[in-house]
Amino acid sequence: MAARPAQTRTLQELASDAAARYTAANPLSQASFERSTEFLPGADTRTVNHFAPFPATIVRGEGARLYDLDGHAYVDFLNDYTAGLYGHSNPAIQAAIAEAAKNGLTLGGPTPNQQEFAELICGRFPSVDRVRFTNSGTESNLMAVSLARAVTGRDKVLVFDGGYHGGPLSFMGPDRRLNLPFQWIEGEYNDAESARSLIHAHADELACVLVEPMLGGGGCIPGTRVFLSALRDATERSGALLIFDEVQTSRLAPGGLQEALGIHADLTTFGKHLGGGASFGAFGGRPDLMDRFDPRRPDHFSHHGTHNNNAVTMAAGLVGLRDVFTPAVVRRLAQRGDALRAALHGVAARLDAPAQVTGRGSIMTVHFQREPVRCRADTAATPEAARDLFHLEMLLAGFWVARRGFITVSLAHDDEDCDAFVSEFEAFLERHAAAIDAALE
C-alpha cells in the first residue's frame with residue numbers, strides 16, 4: 001500500500017515513520033544499545049541521554065562535530081546540555097589537560113591552578129567574593145542550600161515548578177521521590193506576586209530561595225526582571241538567602257545572567273562549562289557566608305570532596321576562563337545565539353508555523369505551539385509527537401539536538417553551521433507544520 005501524502009498523515013504517524021528510518025540507519029548503535037541493557041539499566045548511566053527508539057552511540061567528537069558508531073556525522077547543537085561550550089577539541093583546553101596529566105592527576109593538596117582559578121571566578125562574577133569547588137552543579141546546589149539552612153537556622157526551601165538543580169533536586173515532573181527530603185515549598189516560575197506571598201507566609205521558617213534566572217531543563221524560559229527582583233526584595237525582608245543557580249546561565253554574560261540583569265544573589269552556584277569540559281561545580285557568595293568553611297575558625301563547617309580541586313578540572317577551567325572565554329568572547333557568543341534564535345523565529349513567522357524559540361543568548365528551546373511560554377506548565381501545549389518528530393528528523397539530517405528541543409551554540413560553531421541549522425528548521429516546518437497544527441486543534 002502506498003504511503004499517504006505527508007499533509008494527510010497524523011503527527012504520530014510521521015513520528016513513527018521517522019523512528020523507523022532512524023532505526024534502519026543505525027544498526028550498530030541499536031546493537032550496542034541492546035548489549036548495554038544487560039549491564040546498564042536503560043543502556044546508559046544518565047537518563048537525559050535516552051530517547052526512543054534508542055540513542056546513537058557516540059564514538060568521537062571534533063570541533064563542532066560528533067561521530068557515531070554507524071559512521072554518521074552531526075553538527076552538535078546540544079553540546080552536552082551547555083557543558084561543551086568550547087567544542088570537542090579546543091587546542092588550549094587540550095594542551096592544559098595534557099600538561100596537568102603530565103604533572104600528576106591526584107595531588108591531594110592545594111595547587112597554584114586552584115588559587116588562580118578561584119581568584120578569576122571571584123573577579124568575573126560580581127556577587128561572588130569567596131568560592132568553593134565541587135565536582136558538579138548538583139553538589140554545588142546541595143552545598144549552597146545546606147549552607148543556607150545552617151546559617152539561618154531555618155529548614156524550608158522555596159523552589160519553582162520546572163526548576164532543575166541536579167538529580168536529587170529536580171522539580172520538572174510529578175515524581176519527586178528521589179529528591180532530597182528537605183522541606184520544599186514550590187511556587188510558579190515568573191509569578192512575582194505568588195512568590196512574594198509564599199516568602200511572606202513562611203518568613204520565619206524559610207532558609208532560602210533556590211532559582212534559575214532562566215529555566216534550563218524546564219524550557220529555556222527567562223525569568224522576568226519583575227519576578228527576580230521580587231525574589232531579591234522579599235528575601236532581604238524575610239532574612240532568607242537568595243541562591244541563583246547559574247550552572248547554565250553563567251555563560252550568558254561576562255558576570256553571569258545576574259550581572260546582565262543587575263540583580264545579585266547571596267549565593268551563586270556554577271557547573272558544566274566552567275570546568276572546560278571536565279567534571280566541575282562551584283558555589284560562592286558573600287564573605288560572611290562562605291567564610292564559615294574556613295577551617296581556621298573553631299565553628300567552621302566541613303566541606304569535603306576527594307576530587308573538588310582535581311588537577312584536570314583546575315587546569316582546563318582556568319585556561320578556558322582566562323584565555324579562551326574572555327568577556328569579549330562571551331558577548332560575541334551571546335550575539336551569535338541571539339541571531340540564531342531570531343532567525344528561527346523569523347522562519348516560523350514567515351511560514352505562519354506553530355513554533356517559537358525561547359531562551360537567551362546561546363541557550364534556547366524550540367516549542368511547537370502558538371500559546372506564549374511563561375512557565376513550565378505552558379510548555380504542555382506542545383505535543384510530545386512534535387518533539388519526537390523534530391528530534392528524529394534533525395538527527396537524520398545531521399544535527400544533534402535534545403529530544404525536548406533544547407539547543408545550544410558553542411564556540412566551535414561558525415555562521416555556516418547556524419545557517420545550515422536554520423535551513424533545515426525551515427524545511428522541517430514546510431513539511432510538517434500542517435500536521436503539528438492539526439494535532440494542536
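The rules behind these values
Here the residue numbering is sequential within each chain, running from 1 through the sequence in written order. Selection of residues for local features in this predicted model requires a pLDDT of at least 70, selection of side-chain atom pairs for listing and counting requires 80 or more, and totals for whole chains, interfaces and linings are taken over all residues. Only heavy atoms go into the side-chain values, all of them from the structure, while hydrogens and water stay out. Stacked, tilted and edge-to-face pairs are distinguished by plane angle, under 30 degrees for stacked and over 60 for edge-to-face with tilted covering the rest, among Phe, Tyr and Trp rings (Trp via its six-membered ring) whose centres lie within 6.5 Å. Here a strand is any run of E in DSSP of at least two residues, a helix any run of H or I of at least four, and the numbering for each starts at the N terminus. Exposure classes here rest on a 1.4 Å probe applied to the protein chains alone. A residue is buried below 20% of its type maximum, exposed above 50%, and partly exposed in between. Throughout this description, the term charge over a ring refers to an Arg CZ or Lys NZ atom that lies within 6 Å of the ring centre and within 35 degrees of the ring normal. Contacts are residue-level and defined by heavy atoms, with any inter-residue pair within 4.5 Å sufficient. Side-chain atoms alone can form a polar contact between residues adjacent in sequence; in general such a contact is a pair of N or O atoms within 3.5 Å, and within protein one must be able to donate a hydrogen while the other accepts it. DSSP-based pairing: two strands are paired if at least 2 bridges between them are found. Axis lines are fitted to C-alpha atoms, over the contacting stretch for helices. Their N-to-C directions set the angle, which ranges from 0 to 180 degrees. Comment on the angle field: the value is read as roughly parallel under 35 degrees, roughly antiparallel over 145, roughly perpendicular from 65 to 115, and oblique elsewhere. Left-handed is the label given to a crossing in which the near helix is rotated counterclockwise from the far helix by less than a right angle, and right-handed is the label when the rotation is clockwise. Patches in this entry comprise residues that are over 30% relatively accessible and not in a salt bridge; like charges within 9 Å are linked, as are nonpolar side chains (Val, Leu, Ile, Met, Phe, Trp, Tyr) within 5 Å. The method behind every accessible area is Shrake-Rupley, applied with a 1.4 Å probe, and residues are considered shielded solely by the protein chains displayed. Whenever Lys or Arg places a side-chain nitrogen within 4 Å of a carboxyl oxygen from Asp or Glu, that contact is recorded as a salt bridge. As a per-residue quantity, pLDDT reports the predictor's confidence and falls between 0 and 100. When residues are grouped by polarity, Ala, Val, Leu, Ile, Met, Phe, Trp, Tyr, Cys and Pro land in nonpolar, Asp, Glu, Lys and Arg in charged, and all others, Gly among them, in polar.

(A) The packing of aromatic side chains, seen in detail. Tallying each qualifying case throughout the model produces 25 aromatic pairs. Relative to Phe293, the ring of Phe283 lies with its centre 5.5 Å away and its plane at 75°, an arrangement referred to as edge-to-face. A residue pair is termed long-range when its members are at least 10 positions apart, and Phe283 in strand β12 (residues 281-285) and Phe293 in the loop between α9 (287-290) and α10 (311-324) qualify at 10 residues. An identical accessibility class is assigned to Phe283 and Phe293; each is buried. Among the aromatic side chains, those forming a connected cluster through ring pairs are Tyr22, Phe33, Phe51, Phe54, Tyr74 and Trp400. If you follow Arg149 out to its NZ or CZ, it ends over the ring of Phe182, 4.5 Å from the centre. The side chain of Arg404 reaches across the aromatic face of Phe406, ending 5.1 Å from its centre.

(B) Geometry of the environment of Arg387. Tracing the backbone shows Arg387 in helix α12 (residues 384-396). A relative accessible area of 11% means that Arg387 is categorised as buried. Considering only alpha carbons, one finds Arg387 and His367, 20 residues apart in sequence, at a separation of 8.1 Å. Not counting residues up to four positions away in its chain, the partners in contact with Arg387 are Thr379, Thr382, Arg403 and Arg404. At 3.0 Å, the side chain of Arg387 forms a polar contact with the backbone oxygen of Thr379. A polar atom in the side chain of Arg387 sits 3.4 Å from the backbone oxygen of Thr382.

(C) Molecular detail of the sheet that holds strand β3 (residues 73-76). Spatially, β1-β2-β3-β15 is the arrangement adopted by the four strands of the open sheet, whose pairing is mixed. Of all the strands in the sheet, the pair left with one neighbour each is β1 (58-62) and β15 (399-400). The pairing of strand β2 (residues 65-68) with β3 spans three bridges and is classified as antiparallel. When the sheet's bridge partners are listed, Leu66 is paired in β3 with Tyr74.

(D) Representation of the packing of helix α6 (residues 192-201) against helix α7 (residues 225-238). Contact geometry for α6 and α7: axes closest at 9 Å, N-to-C directions at 15°. As judged from the angle between their axes, α6 and α7 are roughly parallel. Crossing angle aside, the handedness with which α6 passes α7 is right-handed. Contacts between α6 and α7 pair Ala192, Ala195, Arg196 and Ile199 from the former with Val226, Phe227, Ala230, Leu231, Ala234, Thr235 and Ser238 from the latter.

(E) Geometry of the pairing of strand β5 (residues 156-160). Burial within β5 is extensive, with five of its five residues counted as buried. Covered by surrounding structure in β5 are Lys156, Leu158 and Phe160 together with Val157 and Val159, the residues of both alternating faces. Here five bridges tie β5 to strand β6 (residues 183-187), and the two strands are oriented parallel to one another. Note that in β6 the partner of Phe160 across the bridge is Gly187. Both β5 and strand β7 (residues 206-211) contribute to a ladder of three bridges, which runs parallel. By the bridge assignment, Val157 is partnered in β7 with Cys208.

(F) Local environment of a nonpolar patch on the surface. A cluster of nonpolar side chains, namely Leu28, Val59 and Leu69, defines an oily patch on the protein surface of about 250 Å² accessible area. Note that Leu69 resides in the loop between β2 and β3.

(G) Broad picture of the environment of Gly317. Note on placement: Gly317 falls in helix α10. In this structure, the C-alpha to C-alpha distance between Gly317 and Arg292, residues 25 residues apart in sequence, is 25 Å. Contacts of Gly317, omitting those with residues within four sequence positions, involve Phe117, Leu274, Gly275 and Gly276.

(H) Highlighting the pattern of salt bridges. Applying the stated criterion across every chain yields a total of 31 salt bridges. The salt bridge partner of Arg65 is Asp417, with a shortest N-O separation of 3.1 Å. Taken together, the residues Arg65 in strand β2 and Asp417 in helix α13 (residues 415-440) connect sequence positions 352 residues apart. Among the residues examined, Arg65 registers a relative accessible area of 28% and is labelled partly exposed.

(I) The confidence of the model for the protein chain, seen in detail. Averaged over the protein chain, the pLDDT score is 97; the fraction of residues at 70 or greater is 98%. Predicted confidence for residues 1-5 stays below pLDDT 50, and this span has two contacts to residues more than four positions away or in other chains.

(J) Expanded view of the sheet that holds strand β14 (residues 363-367). In space, the three strands of this open sheet follow the order β13-β14-β16, with antiparallel pairing throughout. Both outer strands of the open sheet, β13 (356-360) and β16 (406-408), are each paired with one neighbouring strand and no more. Each adjacent strand pair in this sheet contributes to an overall mean axis angle of 25°, direction not counted. Sheet contacts for helix α11 (residues 327-351): β13 and β14; angle to β13, the most-contacted strand, approximately 165°.

(K) Seen up close, the packing of α11 against α13. Where α11 meets α13, the closest approach of the two axes is 10 Å, and the angle between their N-to-C directions is 20°. As the angle between them shows, α11 and α13 are arranged roughly parallel. Considering the relative orientation of α11 and α13, their crossing is right-handed. Between α11 and α13, the contacting residues are Arg336, Leu340, Ala343, Leu344, Val347, Ala348, Arg350 and Leu351 on the first element and Asp415, Cys418, Phe421, Val422, Phe425, Glu426, Leu429 and Glu430 on the second. Partitioning the contact of α11 with α13 into residue classes produces 11 nonpolar, no polar and five charged.

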